[in-house]
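If you want the building blocks of each chain, they are given just below.
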Amino acid sequence: MAIPKHLGTETEYGISVIGRPDFNPVLASSLVVNAYASDGRPRARWDYEEENPLRDARGFTSPGTHEPPPEDDIGLANSILPNGARFYVDHAHPEYSSPETSNPRDVVIWDKAGERILEVASARAAALVPGSNLGPGEPPRPARILVTKNNTDGKGAAYGMHENYIVDRALPFGELVRHLIPFFVSRQVMVGAGRIGNEFDLDDVPYQISQRADFFEVEVGLETTLKRPIVNTRDEPHADPDRFRRLHVIIGDANMSEVCTYLKLGSTALVLLMVEDGELPEPPTLAQPVKALHAVSHDLTCRKPVMLKDGRSMTPLALQWHYLEHAKRYCKEREAPDWGPDILGVWERVLGGLEEDPMTLNGVVDWVTKYRLMQRYVERDGLAWSADKLKLIDVQYHDVRQDKGIYNRMVADGRCERLVAESDVRHAMTNPPRDTRAYFRGRCLEKYRESVAAAGWDSIIFDIGRDTLQRVPMMDPGRGGADTTEALIDRCDTAADLLEALQH
């Protein structure tokens, strides 16, 4: 029987210092992370002991070396937040890794909390950046740090949004690959974030569905920054390696739309449950998956077919209907998660809208919402799709500021659909999910900060003045929630009390 799907997101945010194009992005990112995390209390370092990004799910370790960052880097730009998340600098970007959640709706809440955290952090950090000089005798202009939840700078560089899913270690990795490739290639029509232009200098693709698709080059592989694969093979479970595998998905876009985030994580989790339970038939195998990935992103009608290995062809919508119909039967006949039926409803509504006319999903699906916004400027002002004004809109749509970002302003005007309450998002900025191990991590960071020497996803290390540090393992993402640890933490005034209680 399939194991529960614990889920999470990792988002690298775009960053620039307005008025200071020469400002180092690594330093700017460090300022942002530190500005949010600096509260005068000791900071626990991140525990890298169990991390090895060279370990491959296909059963080997790639050649190369893996050195944890220097201690200085750990202290400067790596934070563990009381909401259970990790907030740090990765590849010259501030990255927010959400805490583990047990359902797609909670993913939306804690993912959206990351946007709010970046908004606060960038505003605080701006005061630390020297302003730009306008000229002799002119006072410096205050700096502003622009943070965007997108995936490309439009100049050939890409940065990631990754999803994580806990799957059963017993499931052969090849089974995941076979079923996921056609699913991921076609999923983008529902959850793409949209972007101006393309990476291949194609004149007939002025706008496309996905921000990430053009940057993928192979079907399966370990890399995440070069020769990006549709299915990533990094094998870091961050949990009991004998029981669990963490499927690290690097192919999704960073969504502003709550509906897209919900559907992206929820539909994928249902597919994984079906694969584990053996409830999917032989998948439609694409003849050229990478080529199909690009072609699907370039087709705003979502109707152009892609070739299968057996000589047939299917549209991306038909591929998604294939998975949805089996998911509907699975949820009806098997013991599906309680969030399953709602995901099915959203999945069907979005697919139906794409089939009728993608533009009916304005305000629901990111790529459609952004396209319709730009299209109005094209029609009203006679702009070419290569116009700088449209490129600016492409970035501003993803601005995390609630009073300036285009998406956020559309939400405030009631023009974009929300799924979660803003009060829940605000609460999630400082509080962890209650039903995963993130609760124990977050509460310990909040209550025993002075005694936490380090923490990672699967353990917390305490320093209570003994000769050796004390490690508390958390090897199951589903254990350590409020139901088993809240009363314990509430009654233990010190970390030493907690450790003693855990031994009994």
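Residues numbered from 1 in each chain as written. Predicted model: local features only at pLDDT ≥ 70, side-chain atom pairs only at ≥ 80, totals over all residues. Heavy atoms only, no water.

Q: Help me out: how do you make sense of the side chain of His-248 in this one?
A: Examined against the element boundaries, His-248 turns out to sit in strand S15 (residues 244–249). A distance of 3.2 Å separates polar atoms of two side chains, one belonging to His-248 and the other to His-162. Here Asn-164 takes part through its side chain, which lies 3.0 Å from a polar atom of the side chain of His-248. Discounting chain neighbours no more than four positions away, the residues touching His-248 are Glu-10, His-162, Glu-163, Asn-164, Asn-232 and Arg-234. (Helix = DSSP H or I, 4+ residues; strand = E, 2+ residues; numbered from the N terminus. Polar contact = N/O pair within 3.5 Å; in protein donor to acceptor, adjacent residues only side chain to side chain. Contact = heavy atoms within 4.5 Å.)

Q: Explain the packing of aromatic side chains here, please?
A: Within a pair of aromatic rings, the relevant descriptors are the distance that separates the centres and the angle that separates the planes. Taken as a whole, this structure holds 9 aromatic pairs when the rule is applied. With a centroid separation of 5.9 Å and 50° between ring planes, the pair formed by Phe-183 and Phe-184 is classed as tilted. The two residues Phe-183 and Phe-184 agree in class, both being buried. Geometrically, the ring pair formed by Tyr-371 and Trp-385 is stacked, given 5.3 Å between the ring centres and 5° between the ring planes. Of this pair, Tyr-371 sits in helix H9 (residues 366–381) while Trp-385 sits in the loop between H9 and helix H10 (388–396), and the two are 14 residues apart along the sequence. Taking the relative accessible area as the measure of exposure, Tyr-371 reaches 14% and is therefore buried. Overall, the relative accessible area of 19% leaves Trp-385 in the buried class. Members of the aromatic cluster, joined through ring pairs, are Phe-183, Phe-184, Tyr-323 and Trp-347. In this structure, Arg-105 packs its charged tip against the face of Tyr-262, placed 5.3 Å from the ring centre. (Phe/Tyr/Trp six-rings, centres within 6.5 Å; stacked < 30°, edge-to-face > 60°. Buried < 20%, exposed > 50% of the residue type's maximum accessible area, 1.4 Å probe, protein only. Lys NZ or Arg CZ within 6 Å of the ring centre and 35° of its normal.)

Q: Help me out: how do you make sense of the nonpolar core in this one?
A: Most often, soluble globular proteins have nonpolar side chains that are buried together. One finds Phe-87, Tyr-96, Trp-347 and Leu-354 to be the most contacted residues of the largest nonpolar core, which totals 120 residues. At 12 residues, helix H5 (residues 258–276) tops the list of elements feeding residues into this core. The next biggest cluster of nonpolar side chains, apart from the first, holds 21 residues, and it includes Tyr-48, Trp-457, Ile-460 and Leu-498. (Core = buried A, V, L, I, M, F, W, Y, C linked by side-chain atoms within 4.5 Å.)

Q: What is the right way to read the sheet that holds strand S18 (residues 452–455) from this model?
A: Read from one edge to the other, the open sheet built from 4 strands follows the order S3-S18-S19-S20, with strand pairing classed as mixed. The open sheet has two edge strands with one neighbour each: strand S3 (45–46) and strand S20 (470–473). Looking at chain direction, S18 and strand S19 (residues 459–462) are connected through 3 bridges and run antiparallel. Across the sheet, the residue bridging to Val-452 is Phe-462, located in S19. (Pairing = 2+ DSSP bridges.)

Q: Looking at this structure, how should I read H9?
A: Note: α-helices contain 3.6 residues per turn, so residues at a spacing of three or four share the same orientation. When the terminal C-alpha atoms of H9 are compared, their 23 Å separation across 16 residues agrees well with the 22 Å that a helix rising 1.5 Å per residue should span. Among the residues of H9, Asp-366, Trp-367, Val-368, Thr-369, Lys-370, Tyr-371, Leu-373, Met-374, Gln-375 and Val-378 are the ones counted as buried. Just beyond H9, the residue with positive phi is Gly-382, at close to 65°. (Expected span 1.5 Å × (residues − 1).)

Q: Sorry if this is basic, but what is going on with the packing of H9 against H10 here?
A: Helix-helix packing: each pair is described by the crossing angle between the helix axes and the interaxial distance. Orientation of H9 relative to H10, taken along the N-to-C sense of each, is 160°, at an axis distance of 11 Å. Classified by the interaxial angle, the pair formed by H9 and H10 is roughly antiparallel. Where H9 crosses over H10, the handedness of that crossing is right-handed. Where H9 abuts H10, its residues Lys-370, Leu-373, Met-374, Tyr-377, Val-378, Arg-380 and Asp-381 lie against Lys-389, Leu-390, Ile-393 and Asp-394. In terms of residue class, the contact of H9 with H10 is built from 6 nonpolar, no polar and 5 charged. (Axes fitted to C-alpha atoms, helices over the stretch in contact; angles between N-to-C directions. Parallel < 35°, antiparallel > 145°, perpendicular 65-115°, else oblique. Left-handed = near helix turned anticlockwise from the far one by under 90°. Nonpolar A, V, L, I, M, F, W, Y, C, P; charged D, E, K, R; others polar.)

Q: Would you take a moment to explain the side chain of Glu-95 for this structure?
A: Inspection of the secondary structure puts Glu-95 in strand S8 (residues 93–97). No salt bridge is formed by the buried Glu-95; its nearest oppositely charged neighbour, Arg-86, is found at 6.4 Å. Look past the residues within four positions of Glu-95 in its chain and what remains in contact with it is Glu-10, Thr-11, Glu-12, Arg-86, Phe-87, Tyr-88 and Asp-90. (Lys, Arg positive; Asp, Glu negative; His and termini not counted. Salt bridge = Lys/Arg side-chain N within 4 Å of Asp/Glu carboxyl O.)

Q: It is not clear to me how unusual backbone geometry should be interpreted in this structure. Could you clarify?
A: When glycine is set aside, most residues are seen to have a negative phi, and most peptide bonds are trans. If you check the backbone angles, Asp-201 has positive phi at about 55° while not being a glycine. We note that Cys-302 has phi near 65°; this positive angle belongs to a residue other than glycine. Looking at the element boundaries, Cys-302 is found in the loop between helix H6 (289–298) and strand S16 (306–307).

Q: I'm lost on the packing of helix H7 (residues 316–333) against helix H8 (residues 340–356) in this one. Help?
A: The geometry of H7 relative to H8 is characterised by a closest axis approach of 10 Å and an angle of 155° between their N-to-C directions. Between H7 and H8, the angle is such that the two are roughly antiparallel. Remark: the crossing between H7 and H8 carries left-handed chirality. Residues Leu-317, Gln-320, Trp-321, Tyr-323, Leu-324, Ala-327, Lys-328 and Cys-331 of H7 pack against Gly-340, Leu-344, Trp-347, Glu-348, Leu-351, Gly-352, Leu-354 and Glu-355 of H8. The residue makeup of the contact of H7 with H8, split by class, is 10 nonpolar, 3 polar and 3 charged.

Q: I keep staring at the environment of Gln-470 and nothing clicks. Help me out?
A: Residue position: Gln-470 is located in strand S20. Residue classification places Gln-470 among the buried positions, given a relative accessible area of 17%. Along the primary structure Gln-470 and Val-452 are separated by 18 residues, whereas in three dimensions their C-alpha atoms are 9.5 Å apart. Residues within four places of Gln-470 in sequence aside, it is in contact with Ile-460, Ile-461, Phe-462, Ile-464 and Leu-499. Within the local environment of Gln-470, its side chain forms a polar contact with the backbone oxygen of Thr-468, the two atoms lying 3.0 Å apart.

Q: Help me out: how do you make sense of the sheet that holds S15 in this one?
A: Two orientations exist for strands paired in a sheet by backbone hydrogen bonds: parallel and antiparallel. Spatial strand order, S6-S7-S8-S1-S10-S15: 6 strands in an open sheet with antiparallel pairing. The open sheet terminates on both sides in strands that have one partner only, identified here as strand S6 (78–80) and S15. Direction aside, neighbouring strands of the sheet carry axes that sit 20° apart on average. Note: S6 against strand S7 (residues 86–90), 3 bridges, orientation antiparallel.

Q: Whenever I open this one, the pattern of salt bridges confuses me. Can you help?
A: Once their charged atoms are close, side chains differing in charge can pair, the charge on each being opposite to the other. Under the definition given, this model contains 36 salt bridges. The shortest N-O distance in the salt bridge between Arg-349 and Glu-417 comes to 2.9 Å. Taken together, the residues Arg-349 in helix H8 and Glu-417 in the loop between helix H11 (406–412) and helix H12 (422–428) connect sequence positions 68 residues apart. For Arg-349, a relative accessible area of 37% translates into the label partly exposed. By relative accessible area, which is 26% here, Glu-417 ends up partly exposed.

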